[in-house]
Number of protein chains: 2
Amino acid sequence: MNNRIHNFSAGPSTLPTSVVQEMQENLLSYQGSGMSVMEMSHRGDLFMEIIEEARTRIRRLYGLSDAYDVLFVHGGASLQFAMVPMNFIGEGESADYIETGTWSTKAITEVRIQNKGVRVVASSGDREFTYIPEAFDFSPEARFVHITTNNTIRGTQWHALPETDGVPLIADMSSDILSRPVDMDRFGMIYGGAQKNMGPSGTAVVILRKDFVERIPQALPTMLSYRTYVEKESMFNTPATFPIYAISLVTKWLEETMGGLAAMEAVNRRKASKLYGVIDEDDFYEGTAEKNDRSLMNATFRLRQRELEPVFVKQSLEAGFAGLKGHKSVGGLRASIYNAVSEASVDVLCDFMDAFRRKHR
Amino acid sequence: MNNRIHNFSAGPSTLPTSVVQEMQENLLSYQGSGMSVMEMSHRGDLFMEIIEEARTRIRRLYGLSDAYDVLFVHGGASLQFAMVPMNFIGEGESADYIETGTWSTKAITEVRIQNKGVRVVASSGDREFTYIPEAFDFSPEARFVHITTNNTIRGTQWHALPETDGVPLIADMSSDILSRPVDMDRFGMIYGGAQKNMGPSGTAVVILRKDFVERIPQALPTMLSYRTYVEKESMFNTPATFPIYAISLVTKWLEETMGGLAAMEAVNRRKASKLYGVIDEDDFYEGTAEKNDRSLMNATFRLRQRELEPVFVKQSLEAGFAGLKGHKSVGGLRASIYNAVSEASVDVLCDFMDAFRRKHR
């Protein structure tokens, strides 16, 4: 359709074609206003409706109670790595972090940079982050337990939440936000960069439990305090209006086309199951993550014949696929199958992988 | 053209129609790649070319020497208000700030929040920020002198830089960046949110003199250290790819269509001169800023008959103008005539204002 490629990029990544089409149609004149969403005041009625729609749809998709606020914060997940300890770990306090890959390591680093208390209570670094740790030793006095629900680079995902004895979770959900229902009662905060399951890069969505706001110290720089975003409804300064517009359309698509998060998860499971099925058929392909912990969002794999990997990447590009090269830090191959990657695209990829195997076995 | 409105919004604000058209044409498939710029890896060749083009064109437009880096930093100017003292005012050091309106006040507030040394060496707060102060008492030991080159809300602008005895300037140029040539040798740093003269909101452009990088302390949160953006070429994490794409197109338009910053300034002066000419014709309209300090970007004015202001706003909307209502904190009227507001749009506005005067005099 419209010469769209099969886009398996890990992020920024594909958006639903219908969403991009709607953005395209409205780009010069949003709903007859004579201007693009990019060009309108963030305090005007038109944009206020857009941000409210994005917020409301996220609330509805996750079934959020009034106990939670939905915020749009600048700067992607990496800025949240710093804001979380700044806002929620006070003097003499400490938080527990579980290390499951590059992004969680970065989150931990940001706590240490601030000389805040952090205990790494489990890590899968001993086996190159190819699994999700099962044994934990949480501190009952921890302010929160931080997890990375999906690990984009290594292709692992939490399929059940860790038991934390009532200590609230804070989760970086950048790469699986809005991909499945979530037991929200377990979370003090969820955050995610927009650019995988929600829209263009440049903003993060933060879902914050209101009692967490009380923990925020008063003296933080204004833009680095979640309180600012709560009190000003994410409008202390100009928010990233165009990404928020995309989020409003993507969440509309999630509700009205895909039928909500449970239905979306079912599709995501089917897509992943097809793809892992091809990988597991024999030893031509090798999944790199422990089977039980495999991600429904990022399927990481290798070719047993390593020397064929560049051939695979080259031929996949020629065949109209994008983004199948693994992250530069680990190599190999990766197919990111976020919400907006259609089942039809996954089918075409499976066919390509089958054919590649037949040719090179 | 395409039912585009005459958009005088203060920010986010209009982009050149040709730029939005090019974005529209490429929205589903950028240069035949089968994906939008929003949907492609920020580390792929296509986006690397885009960010390099944006950087190079900004360098060329300002005639930057190798002594300066061009950075794309998350979060708009408001985050820079906090990052500037965090990066450039050390223990026992101090900076001089000139207060010329809301945004400079906010910048000063962020220094104080961090308990960093700040001296407000001049303020036009005594007359509601309607002028640019002329008398300064700079501290020779100040790390830098901070100014806000254009004051969007009150409609004032620095037309000559303050003499600072060799102390480098740091300037918030959010609302007049790339609107005129700048004597770059005077500046240690220039920053501006994208959403007025450059593109959609969600990123800031920072021009940083390299010797300033040496002043940055080591222990800052990664995303809050300008050093990160210098060392990683603004790609430590995913930058705001779509706004940066827009910046690449807007700067191309500035170079290739408008003919560079000197030519752009000439057009901007002509537009402002026409508009202030209408305002000054008699006492029906009243400019709110001191004539010598009037902004070329934001013309702020009132109606002598205050009760007519809502009528003006209403009729302007009906006549196909957007954004003529003054900032909520000061009321009145404002026409923002950034680079992308065409001279033709200004002419139409002048005609509207003339007609309104004839009708209501």
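Keep in mind that what you see is a predicted model, and the values were worked out from it rather than measured. (Residues numbered from 1 in each chain as written. Chains lettered and ligands numbered in written order. Predicted model: local features only at pLDDT ≥ 70, side-chain atom pairs only at ≥ 80, totals over all residues. Heavy atoms only, no water.)

### Notes on the domain arrangement of chain A
It is common to give the size of an interface as the accessible area lost on bringing the parts into contact. Residue and element names in this part refer to chain A. One can read the domain layout of chain A as domain 1 (19–257) and domain 2 (260–360). Between domain 1 and domain 2, the C-alpha centre-to-centre distance is 27 Å. Taken together, the 27 residues of domain 1 in the interface contact 25 residues of domain 2. Between domain 1 and domain 2 the total buried area reaches about 2,100 Å² when both faces are included, carbon and sulfur atoms providing 55% of it. At the junction of domain 1 and domain 2, the tally comes to 1 salt bridge. Across the contact surface, domain 1 and domain 2 share 14 residue pairs in polar contact (both at pLDDT 80 or more). A total of 3 residues in the side of domain 1 that touches domain 2 trace back to one element, the largest contributor, which is helix H7 (residues 241–257). Here the residues of the side of domain 1 that touches domain 2 are counted per class, giving 10 nonpolar, 11 polar and 6 charged. (Domains from an automatic or database assignment. Contact = heavy atoms within 4.5 Å. Buried area = accessible area lost by both parts, 1.4 Å probe. Salt bridge = Lys/Arg side-chain N within 4 Å of Asp/Glu carboxyl O. Polar contact = N/O pair within 3.5 Å; in protein donor to acceptor, adjacent residues only side chain to side chain. Helix = DSSP H or I, 4+ residues; strand = E, 2+ residues; numbered from the N terminus. Nonpolar A, V, L, I, M, F, W, Y, C, P; charged D, E, K, R; others polar.)

### Thoughts on unusual backbone geometry
Looking along the chain, the bond that leaves Gly11(A) and enters Pro12(A) is cis, with omega of -10°. Residue placement: Pro12(A) occurs in the loop between strand E1 (6–7) and helix H1 (17–25). One non-glycine residue, Glu233(B), lies in positive phi territory at about 50°.

### Topic: the environment of Glu141(A)
Position of Glu141(A) among the secondary structure elements: in the loop between strand E4 (117–123) and strand E5 (145–148). Spatially, the C-alpha atom of Glu141(A) lies 26 Å from that of Asp66(A), the residues being 75 residues apart in sequence.

### Points about the packing of aromatic side chains
Applying the stated criterion across every chain, the model contains 37 aromatic pairs over all chains. On the numbers, 5.4 Å between centres and 70° between planes, the contact of Phe312(B) with Phe352(B) is edge-to-face. Of this pair, Phe312(B) sits in helix H9 (residues 309–318) while Phe352(B) sits in helix H10 (residues 343–360), and the two are 40 residues apart along the sequence. Positioned over the ring face of Phe236(A) is Lys106(B), at 4.4 Å from the centre of the ring. (Phe/Tyr/Trp six-rings, centres within 6.5 Å; stacked < 30°, edge-to-face > 60°. Lys NZ or Arg CZ within 6 Å of the ring centre and 35° of its normal.)

### Observations regarding the sheet that holds strand E12 (residues 298–303) of chain A
Residues and elements named next belong to chain A. Pairing is antiparallel in the open sheet, where 3 strands are placed in the order E11-E12-E14. Strands with a single pairing partner mark the edges of an open sheet, and in this sheet they are strand E11 (285–287) and strand E14 (333–336). Within this sheet the neighbouring strands show an average axis-to-axis angle of 35°, counted without direction. As paired strands, E12 and E14 are joined by 4 bridges and run antiparallel to one another. Among the inter-strand pairings, Phe301 is bridged to a residue of E14, identified as Leu333. Sitting on the sheet, helix H9 (residues 309–318) is in contact with E11, E12 and E14, with an inclination near 125° to E12. (Pairing = 2+ DSSP bridges. Axes fitted to C-alpha atoms, helices over the stretch in contact; angles between N-to-C directions.)

### Some points on the interface of chain A and chain B
Chain A puts 59 residues into the contact, and the matching count from chain B is 59 residues. Summing both partners gives a buried area of about 4,600 Å² for chain A against chain B, and 62% of it is carried by carbon and sulfur. If you sort the residues of chain A by the area they bury against chain B, Leu28(A), Met38(A) and Glu39(A) come out on top, with a joint share of 16%. There are 2 salt bridges connecting chain A and chain B. With a closest N to O distance of 2.6 Å, Glu39(B) and Arg4(A) form a salt bridge. Along the contact surface separating chain A from chain B lie 23 residue pairs in polar contact (both at pLDDT 80 or more). Within the residue set of the side of chain A that touches chain B, elements represented by two or more residues are H1, helix H3 (76–88), helix H4 (102–113) and H7 of chain A. Of the residues that constitute the side of chain A that touches chain B, the class distribution is 25 nonpolar, 27 polar and 7 charged.

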